Amino acid sequence: MFFHGILNMRILLIHADRFSFRVTGETSVSMPSELEKASREGEIAECLVVFMAAEKGDEADVDSVVNQVIEEVLSLADQLGTRHLVIYPYAHLSSTLSSPRVAVRLFDEICRQLQSHDHFKILRAPFGYYKAFEIGCKGHPLSESAKTITPGRPAKGSAEAEESEAIRAEKTLKSEWIIMTPDGEQVSAEDFSFAARPNLERLYRYEKSGTRVSDQAPPHIELMRRMELVDYEPGADPGNFRWYPKGQLMKRLAEAYVSGLVTDHGGMQVETPIMYDYQHPKLSLYLQRFPARQYVLLSGQKEYFLRFAACFGQYLIQHDMQISYHHLPSKLYELAHYAFRREQSGELAGLKRLRTFTMPDLHTLVEDVEQAKEEFLRQTELAMQCMEGFELDFEVAIRFVRDFADQNRSFVEEITSCCGRPALMELWDERFFYFVAKLEFNFIDALDKAACLSTVQIDVENTERFDITYVDKNGEKQYPLLLHASISGSIDRVLYAILETQAMAMTKGRKPSFPFWLAPIQLRLVPVSEKFDGPCKQVLKKVPYRIDYDDRDITMGRKIRDAEREWIPYILVLGAREVAEQCLNVRTRDGAQRKMALPELLAKIEPQMKEKPFLGLPLPQCLSRRPIFVG
RNA sequence: GCCGGCGUAGCUCAGGGGUAGAGCAACUGAUUCGUAAUCAGUAGGUCGCGGGUUCAAAUCCCAUCGCCGGCUCCA
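Presented here is an overview of the structure given in this document. All values reported here derive from a predicted model rather than from experimental measurement.

What counts, and at which threshold
Residues numbered from 1 in each chain as written. Chains lettered and ligands numbered in written order. Predicted model: local features only at pLDDT ≥ 70, side-chain atom pairs only at ≥ 80, totals over all residues. Heavy atoms only, no water. Helix = DSSP H or I, 4+ residues; strand = E, 2+ residues; numbered from the N terminus. Buried < 20%, exposed > 50% of the residue type's maximum accessible area, 1.4 Å probe, protein only. Contact = heavy atoms within 4.5 Å. Areas by Shrake-Rupley, 256 points an atom, 1.4 Å probe, with all protein chains shown as cover. Core = buried A, V, L, I, M, F, W, Y, C linked by side-chain atoms within 4.5 Å. Domains from an automatic or database assignment. Arc of directions from axis to C-beta. Axes fitted to C-alpha atoms, helices over the stretch in contact; angles between N-to-C directions. Parallel < 35°, antiparallel > 145°, perpendicular 65-115°, else oblique. Left-handed = near helix turned anticlockwise from the far one by under 90°. Nonpolar A, V, L, I, M, F, W, Y, C, P; charged D, E, K, R; others polar. Lys, Arg positive; Asp, Glu negative; His and termini not counted. Salt bridge = Lys/Arg side-chain N within 4 Å of Asp/Glu carboxyl O. Polar contact = N/O pair within 3.5 Å; in protein donor to acceptor, adjacent residues only side chain to side chain. Pairing = 2+ DSSP bridges. Phe/Tyr/Trp six-rings, centres within 6.5 Å; stacked < 30°, edge-to-face > 60°. Lys NZ or Arg CZ within 6 Å of the ring centre and 35° of its normal. Right-handed = clockwise from strand over helix to strand, strands pointing away.

### Considerations on the overall build of chain A
Then comes step 1: A tally of regular secondary structure across chain A gives 18 helices and 28 strands.
Then comes step 2: Going through the 631 residues of chain A one by one, you find that 53% of them count as buried.
Then comes step 3: In chain A, the share of contacts with a sequence separation of at least 24, taken over all contacts with a separation of at least 6, comes to 77%.
Then comes step 4: With an accessible surface of roughly 28700 Å², chain A has 48% of that area assigned to carbon and sulfur atoms.

Pasting the structure below:
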């Protein structure tokens, strides 16, 4: 039903002073029955002529196409005040025609429905014949209009028609909101005292009302540009960003970190295609579950959609795998680079919400509910560790189908105690989604808005839909349960959260900083004058981190200022005094200065890199050789 | 997608029917400097893109694209 693409019905509407046609010959798809339904020739004054061509994509959902064509025609006829219609099959509007069978069905239905409006006089031209026509177009602004009809995207004005079953269901879904404390206590969210957890209250209010007014742009947007990390790309579709060297480095480090955590946890890393066949039977079933927000692309005569998650690529692998109960739990992992969601333009928000983003996606097949719970907890711990590595604070939300929560009370308590903080719990009476349990780590940003980062879910639907099976002890095929997990959430969104966190720190008068392992430049060497170039080169050779060298011909005050504005964790000043004392003057983010010998400094830095990935400088080491990317 | 705001130099912005402006950055020169902005000079623009009104449009009108915010949405 939400199955649509770009190969869809075209109609051309022309308001004419006069229109006439006559059949001139047969084509390869001529059907004599058409001549009975329509006329061999006809003439009409003052009318709306509807030229139509049915396309391949229409075959998926004839009813929806018919409804939309009717709506377009009625609305235009109404505006023009005309009562005469001409229905004219016109294959030349399309290069990818549907089958004649479908086209005839479509035209029949459109005519039948239009005829039911008795104030119309309809002239119908036959399908499948060569025809000659003459037309006198009125030429006013409304007199010519072309439309492409998209099945499944129903007529304007029927807002609910645009929603999938699942989304519609969510609207009517009754939620109960509870706060669950780490020691297992449950309090209705309305009665809970949030004094110690203001962000949890923000999450609850945000979730309950779904909105938060703001007249400001999220502060990370200015930061991502000023810090030369990420920027808008006017040459692309909105929500597709360009990544400058520093941002690209941070992204690669974050990806390497998350992938390392997941593969150490037993995830088997794979890579799957970014585009899929629209007509694939299993995928089309899956797509029907969700609103149509895909990028669709046409290649030759075939339509493809760009993946919106790594799920189905992995389902298709798991479907083909031979799995026995010995292998469970079995984990496939992909760093989905990229996933595409054609969000509405107004929904895009810097790095928080993009149309193209990178997402770590872990899918774990488990034998039964017991194994699912065990894995769920391990993956929750992993997500905790991940947030710690990124130095991010978050609030926990857990959502359950009520029956599942009732039958697994101790599990629910274990999740909250594992997170070590009170959690917002949502309970649904019925299951509308594919999962029975969902954990989320939500980040609260500088504008008090929530964004979901890590998530773990128990899926009870998709192994059956994608025919993913394992062989049990008795040699019988079984459907496993499936855990979805994104240990960090979208990598882009992690960067958003890091930048928003620093924006909040700045408003509180604190100096912003990146986690040391993620800082694009970790140390900067500042010579007091160019006379110290020699000793500086010696220092550069001995530091195994991302260190650069401010060799520009400007004052030292200026160099310090620039380094501070880049949030560089260690600024090393080298002049006559340091050369004499065989040391460096080290300035840290707190503004303090200390004399340190190089080995002492390296020893201080080392623990900050523990178990974190490392990559080299993303830019020329000498600042004098470094171009400016943003203003 | 709908509603509102914005779009002028690389960046941040002022101007508002009659010669295109500032600060920062860039470039050149001087300066060799001790912890958040050294001094002087030079260059830099299809005023988002496209139409229209006008003797004349960056300025007014229309359309369009982009960004931001709200609605909706967030698999």
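### As for the nonpolar core
Then comes step 1: The biggest cluster of nonpolar side chains holds 101 residues, and the ones touching the most others in it are Leu351, Phe390, Phe400 and Leu525.
Then comes step 2: Two domains share this core, each providing at least three of its residues, namely domain 2 (169–267 + 322–498) and domain 3 (516–625).
Then comes step 3: In this view, Phe400 contacts Ala405, Phe411, Val412, Ile415, Met425, Glu426, Leu427, Trp428, Val436 and Ala437; residues no more than four positions away in its chain are not counted.
Then comes step 4: One finds Val50, Val65, Ile87 and Cys111 within the second-largest nonpolar core, a separate group that totals 28 residues.

### What to know about helix H12 (residues 409–419)
Then comes step 1: Restricting attention to buried positions, one finds in H12 the residues Phe411, Val412, Ile415, Thr416 and Cys419. Across the axial projection of H12, the buried residues extend over an arc of 135°, all falling on one side.
Then comes step 2: In the core, the buried residues of H12 are packed alongside strand S7 (175–180), helix H10 (369–389), strand S17 (395–401), helix H11 (402–407), strand S18 (423–428) and strand S19 (435–444).
Then comes step 3: One or two steps after H12, the chain reaches Gly420, where phi turns positive at roughly 65°.

### Let's talk about the side chain of Ser488
Then comes step 1: By secondary structure assignment, the location of Ser488 is in the loop between strand S23 (481–486) and helix H14 (491–507).
Then comes step 2: Each residue touching Ser488, except ones within four places of it in the same chain, is listed here: Val258, Pro360, Cys386, Met387, Phe390, Leu453, Ser454 and Val494.

### Observations concerning the packing of helix H2 (residues 62–80) against helix H3 (residues 100–115)
Then comes step 1: Where H2 contacts H3, the two axes come as close as 10 Å, and the packing angle between them is 45°. Judged on the interaxial angle alone, H3 and H2 are oblique. Judged by the twist between their axes, the crossing of H2 over H3 is right-handed. When H2 is examined against H3, the residues Val62, Val65, Val66, Asn67, Val69, Ile70, Val73 and Leu74 are found in contact with a partner set consisting of Val102, Arg105, Leu106, Glu109, Ile110, Gln113 and Leu114.
Then comes step 2: Partitioned by chemical class, the residues of the contact of H2 with H3 number 11 nonpolar, 2 polar and 2 charged.

### Some points on the side chain of Asp361
Then comes step 1: Within the element layout of this structure, Asp361 appears in strand S16 (residues 356–366).
Then comes step 2: We note that Asp361 is buried and unpaired, the nearest opposite charge coming from Arg341 at a distance of 6.8 Å.
Then comes step 3: There is a polar contact of 3.2 Å between the side chain of Asp361 and the backbone nitrogen of Ala310.
Then comes step 4: When near neighbours in sequence (up to four residues on either side) are disregarded, Asp361 contacts Ala309, Ala310, Cys311, Gln314, Leu332, Tyr333, Glu334 and Ala485.

### Some thoughts on the sheet that holds strand S24 (residues 523–527)
Then comes step 1: Strand order in the open sheet made by the 5 strands is S25-S24-S26-S27-S28, with mixed pairing throughout. Two strands bound the open sheet, and with one partner strand each, they are strand S25 (547–549) and strand S28 (593–596). Averaged over all pairs of adjacent strands, the angle between their axes in this sheet comes to 25°, without regard to strand direction.
Then comes step 2: As judged from the 5 bridges shared by S24 and strand S26 (residues 570–574), these two strands associate in the parallel manner. If you follow Leu523 over to S26, its bridge partner there is Tyr570.
Then comes step 3: Where helix H16 (residues 556–565) meets the sheet, its contacts fall on S24, S26 and strand S27 (584–588), and the angle it forms with S24 comes to roughly 175°.
Then comes step 4: Together, S24, S26, S27 and S28 form the strand contacts of helix H18 (residues 598–605), whose direction differs from that of S28 by roughly 120°.

### Describing the sheet that holds S18
Then comes step 1: Reading across from one edge, S8-S7-S18-S17-S19-S20-S23-S16-S15-S11 is the order of the 10 strands in this open sheet, with mixed pairing throughout. Whereas interior strands pair on both sides, the edge strands pair on one side only; in this sheet they are strand S8 (186–188) and strand S11 (268–269).
Then comes step 2: For S7 and S8, the ladder comprises 3 bridges, and the chain directions are antiparallel. Note that in S8 the partner of Met180 across the bridge is Gln186.

### Concerning the packing of aromatic side chains
Working definition: an aromatic ring pair is given by the centre-to-centre distance plus the angle between the planes.
Then comes step 1: This structure, assessed with the given rule, holds 41 aromatic pairs.
Then comes step 2: The interplanar angle of 75° and the centroid separation of 6.3 Å between the aromatic rings of Phe19 and Phe51 together place this pair among those described as edge-to-face. Of the two residues, Phe19 sits in strand S1 (residues 10–26) while Phe51 sits in strand S2 (residues 41–53), which places them 32 residues apart along the sequence. Here Phe19 matches Phe51 in class, with each residue buried.
Then comes step 3: Ring centres of Phe443 and Tyr496 lie 5.7 Å apart, and the angle between their planes is 80°; this geometry places the pair in the edge-to-face category. With Phe443 in strand S19 and Tyr496 in helix H14, this residue pair connects regions lying 53 residues apart in the sequence. With respect to class, Phe443 is no different from Tyr496; both count as buried.
Then comes step 4: Aromatic ring contacts, followed pair by pair, group Phe19, Phe21, Phe51, Tyr88, Tyr90 and Phe133 into a single cluster.
Then comes step 5: In this structure, Lys131 packs its charged tip against the face of Tyr88, placed 5.0 Å from the ring centre.
Then comes step 6: The ring of Trp243 carries the charged tip of Lys251 above its face, separated from the ring centre by 4.6 Å.

### A look at the environment of Arg565
Then comes step 1: Note on placement: Arg565 falls in helix H16.
Then comes step 2: When near neighbours in sequence (up to four residues on either side) are disregarded, Arg565 contacts Arg226 and Met227.

### Points about the environment of Tyr325
Then comes step 1: Structurally, Tyr325 can be placed in the loop between helix H9 (311–320) and strand S15 (330–340).
Then comes step 2: Linking Tyr325 and Val366, residues 41 residues apart in sequence, is a C-alpha distance of 8.6 Å.
Then comes step 3: Excluding residues that lie within four positions of it along the chain, Tyr325 makes contacts with Glu367, Tyr470, Val471, Asp472 and Lys473.

### Details of the environment of Phe435
Then comes step 1: Mapped onto the fold, Phe435 is located in strand S19.
Then comes step 2: In the structure, Phe435 is positioned 48 residues away from Leu483 in sequence and 9.0 Å away in space, judged by C-alpha atoms.
Then comes step 3: Non-local contacts of Phe435, meaning those with residues more than four positions away in its chain, are made with Val401, Trp428, Gln457, Ile458 and Asp459.

### Comments concerning the pairing of S24
Then comes step 1: With 5 of its 5 residues buried, S24 lies for the most part within the structure.
Then comes step 2: Here S24 shows no split at all, with Leu523, Leu525 and Pro527 on one side and Arg524 and Val526 on the other all buried.
Then comes step 3: Here S24 runs beside S25; their pairing, made up of 3 bridges, is parallel. Considered in S25, the bridge of Leu525 is made with Tyr549.
Then comes step 4: Viewed along the sheet, the connection from S24 through helix H15 (residues 533–542) into S25 turns out right-handed.

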